[in-house]
Amino acid sequence: GRMHAAPISTTLEPAIGGNGMSIKETLIEIVAEYRGIAPSEVKTDATFREMGLDSLDVAELLLKVEDELHVVLEPSPEHDTIDKLVRFLEQNRK
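Residues numbered from 1 in each chain as written. Predicted model: local features only at pLDDT ≥ 70, side-chain atom pairs only at ≥ 80, totals over all residues. Heavy atoms only, no water.

**A short note on the side chain of Asp-57**
Looking at the secondary structure, you find Asp-57 in helix H2 (residues 55–69). Sequence-distant contacts of Asp-57, that is, excluding residues within four places in its chain, are made with Tyr-34 and Gly-52. (Helix = DSSP H or I, 4+ residues; strand = E, 2+ residues; numbered from the N terminus. Contact = heavy atoms within 4.5 Å.)

**Digging into helix H1 (residues 23–35)**
Its 13 residues place the ends of H1 18 Å apart at the C-alpha level, agreeing with the 18 Å of an ideal helix rising 1.5 Å per residue. Those residues of H1 that are buried lie in contact with H2 and helix H3 (82–91). With its phi angle positive at about 70°, Gly-36 sits one or two positions after the end of H1. (Expected span 1.5 Å × (residues − 1).)

**Points about the packing of H1 against H3**
Two elements in contact, H1 and H3, have axes separated by 9 Å at closest approach and are oriented at 135°. Here H3 runs oblique to H1, going by the angle between their axes. Crossing geometry of H1 relative to H3 is assigned as right-handed. Contacts from Ile-23, Lys-24, Leu-27, Ile-28 and Val-31 in H1 reach Ile-82, Asp-83, Leu-85, Val-86, Leu-89 and Glu-90 in H3. A class-by-class count of the residues in the contact of H1 with H3 yields eight nonpolar, no polar and three charged. (Axes fitted to C-alpha atoms, helices over the stretch in contact; angles between N-to-C directions. Parallel < 35°, antiparallel > 145°, perpendicular 65-115°, else oblique. Left-handed = near helix turned anticlockwise from the far one by under 90°. Nonpolar A, V, L, I, M, F, W, Y, C, P; charged D, E, K, R; others polar.)

**Things to note about the confidence of the model for the protein chain**
When pLDDT is averaged across the protein chain, the result is 82; 77% of the residues are at 70 or more. Looking across the protein chain, the model is least confident in H2, with a mean pLDDT of 91, and most confident in H1, with 94. (pLDDT = per-residue confidence, 0-100.)

**Description of H2**
Here H2 spans 21 Å end to end across 15 residues, near enough to the 21 Å set by a 1.5 Å rise per residue. Buried within H2 we find Asp-57, Val-58, Leu-61, Leu-62, Val-65, Glu-66 and Leu-69. For H2, the secondary structure elements touched by its buried residues are H1 and H3. Near the N-terminus of H2, the side chain that reaches the backbone nitrogen of Leu-56, with its oxygen 3.0 Å away, is that of Asp-54. Phi for His-70, located one or two positions after H2, is positive at around 55°. (Buried < 20%, exposed > 50% of the residue type's maximum accessible area, 1.4 Å probe, protein only. Polar contact = N/O pair within 3.5 Å; in protein donor to acceptor, adjacent residues only side chain to side chain.)

**Some points on unusual backbone geometry**
Phi is positive for His-70, which is not a glycine, with a value near 55°. Take His-70: it is sitting in the loop between H2 and H3.

See below:
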């Protein structure tokens, strides 16, 4: 019988919820879905404005993030990229 390679799991980022997705992956999914683009096209170091999102879009996205990750986010100009948001969320997880 052929050997099946086990899927490589990243142990660097803590998994969220039951679906085993990291905070970063979850945010990428949310943004990709919102913009109607492939997750691979989401640049985590681009600002939301650079992605073509205005402050209303960002507010809606943050609400989705709050729902998905069960967190409370204060809209802040500091959280203007996915990477920054990930860092913030990882530091503030209960």
